[in-house]
Amino acid sequence: MNTQNKKEKIAVYPGSFDPITLGHVDVLRDGAEMFDKVIIAIAHNPEKKGFLSVDERIQLIKDSITDLDNVEVDAFVGLTIDYAKEKGADFLLRGLRAVSDFEYELQLSQNNRTLCDDIKTVFLMTRPEYSFISSSVVKDILLNGGDISQFVPEPVSKYLKTKYSPKQ
Ligand code: ADP
């Protein structure tokens, strides 16, 4: 793919993905069309326990995007820009749902740009039907016995329903 004067366009899509939702996948699919490679990377803090372990999250992402061959799944600790540099990525990919995401995302992207001018943040809007989905809403519905199948990819819904089945 790479020619002598054309650099491979690599984007890192960082986030918690705890768990990955249909909104995340929607953004990822569009990103995979735009970039040569997208690395979806779980940004994790070893001192904070997530809802799912990093290994569970990685496996669920992989199971949800088996048809995307230019996407890698990974995890990192530390600054996103340091990770992006290590991976040779010039772009960060982030998703936007509504105006409510914008202020936080703007702050994050401006601070990242200040820390590293070479790395640009690209925002993609999710489809309207996914714009009200968040990982925390999925967790709430699941832990209160609701049906999460309309919010997450099928492998995620299957796994979580088994793990949090009321019979356990
Ligand atoms: P973080 O903890 O970094 O916000 P998340 O896993 O919650 O990580 O989200 C990762 C990225 O995906 C963020 O840019 C967030 O705005 C975006 N995102 C989350 N949910 C959706 C959704 N339903 N549609 C589009 N983008 C989303």
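Calculation criteria
- Residues numbered from 1 in each chain as written.
- Predicted model: local features only at pLDDT ≥ 70, side-chain atom pairs only at ≥ 80, totals over all residues.
- Heavy atoms only, no water.
- Buried < 20%, exposed > 50% of the residue type's maximum accessible area, 1.4 Å probe, protein only.
- Helix = DSSP H or I, 4+ residues; strand = E, 2+ residues; numbered from the N terminus.
- Arc of directions from axis to C-beta.
- Contact = heavy atoms within 4.5 Å.
- Salt bridge = Lys/Arg side-chain N within 4 Å of Asp/Glu carboxyl O.
- 1 Å grid on protein atoms, 1.4 Å probe; cavity = no way out; pocket = protein on both sides within 12 Å on 5 of 7 lines; lining within 4 Å.
- Points joined across faces, edges and corners; volume = space filled by probe spheres on them.
- Nonpolar A, V, L, I, M, F, W, Y, C, P; charged D, E, K, R; others polar.
- Near = heavy atom within 4 Å.
- Polar contact = N/O pair within 3.5 Å; in protein donor to acceptor, adjacent residues only side chain to side chain.
- Areas by Shrake-Rupley, 256 points an atom, 1.4 Å probe, with all protein chains shown as cover.
- Sits in = over half its atoms within 2 Å of the grid points.

Peer 1: Would you mind showing me how to read helix α5 (residues 135-143) here?
Peer 2: For the α-helix, the turn length of 3.6 residues means that residues three or four positions removed from each other point alike. Ser135, Val138 and Leu142 are the residues of α5 that are buried. In an axial view of α5, the angular spread of the buried residues amounts to 55 degrees, which keeps them on one side of the axis. Where the residues of α5 are buried, they touch α1 (22-34) and α6 (154-163).

Peer 1: I'm lost on the pattern of salt bridges in this one. Help?
Peer 2: Should their charged atoms come close, side chains of opposite charge can pair. On inspection of all chains with the given rule, the structure shows 11 salt bridges. The partner of Asp74 in a salt bridge is Lys87, with the nearest N and O atoms 3.7 Å apart. With Asp74 in strand β3 (residues 71-76) and Lys87 in the loop between α3 (80-86) and β4 (91-96), the pair connects residues that are 13 residues apart, well separated along the chain. Taking the relative accessible area as the measure of exposure, Lys87 reaches 30% and is therefore partly exposed. Residue Asp147 pairs with Lys161 through a salt bridge whose shortest N-O separation is 3.3 Å. Taken together, the positions of Asp147 in the loop between α5 and α6 and Lys161 in helix α6 put the pair 14 residues apart, joining distant regions of the chain. In this structure Lys161 comes out as partly exposed when scored by relative accessible area, which is 39%.

Peer 1: For this particular structure, what's the right way to read the layout of surface pockets?
Peer 2: If you roll a probe as big as a water molecule over the atoms, it shows you where there is empty space left. Considering only enclosed or pocket space, the largest pocket measures out at about 1100 Å³ in volume. In terms of lining residues, the largest pocket is bounded by 45 residues, among which Pro14, Gly15, Ser16, Phe17 and Arg94 are the most central. Elements supplying a minimum of two residues to the lining of the largest pocket: β1 (10-15), α1, α2 (54-64), β4, α4 (99-115), β5 (120-125) and α5. Sort the elements by how many residues they give to the lining of the largest pocket and α4 lands first, with 6 residues. Its residues assigned to classes, the lining of the largest pocket shows 17 nonpolar, 19 polar and 9 charged.

Peer 1: How should I be thinking about the site of the ligand in this particular structure?
Peer 2: Looking at the ligand, there are 16 residues lining it, with Ser16, Phe17, Gly95, Tyr130 and Ile133 nearest. Between the ligand and Gly95, the relevant distance is 2.8 Å, taken from an oxygen atom to a main-chain nitrogen or oxygen of the residue. Arg97 is positioned such that a nitrogen or oxygen atom in its side chain is 3.2 Å from a nitrogen atom of the ligand. Here the ligand has 550 Å² of accessible area as a free molecule, and 85% of this is covered by the chains. One can see that the ligand is located within the largest pocket. Those elements that provide at least two residues to the shell around the ligand are β1, α1, β4 and α4.

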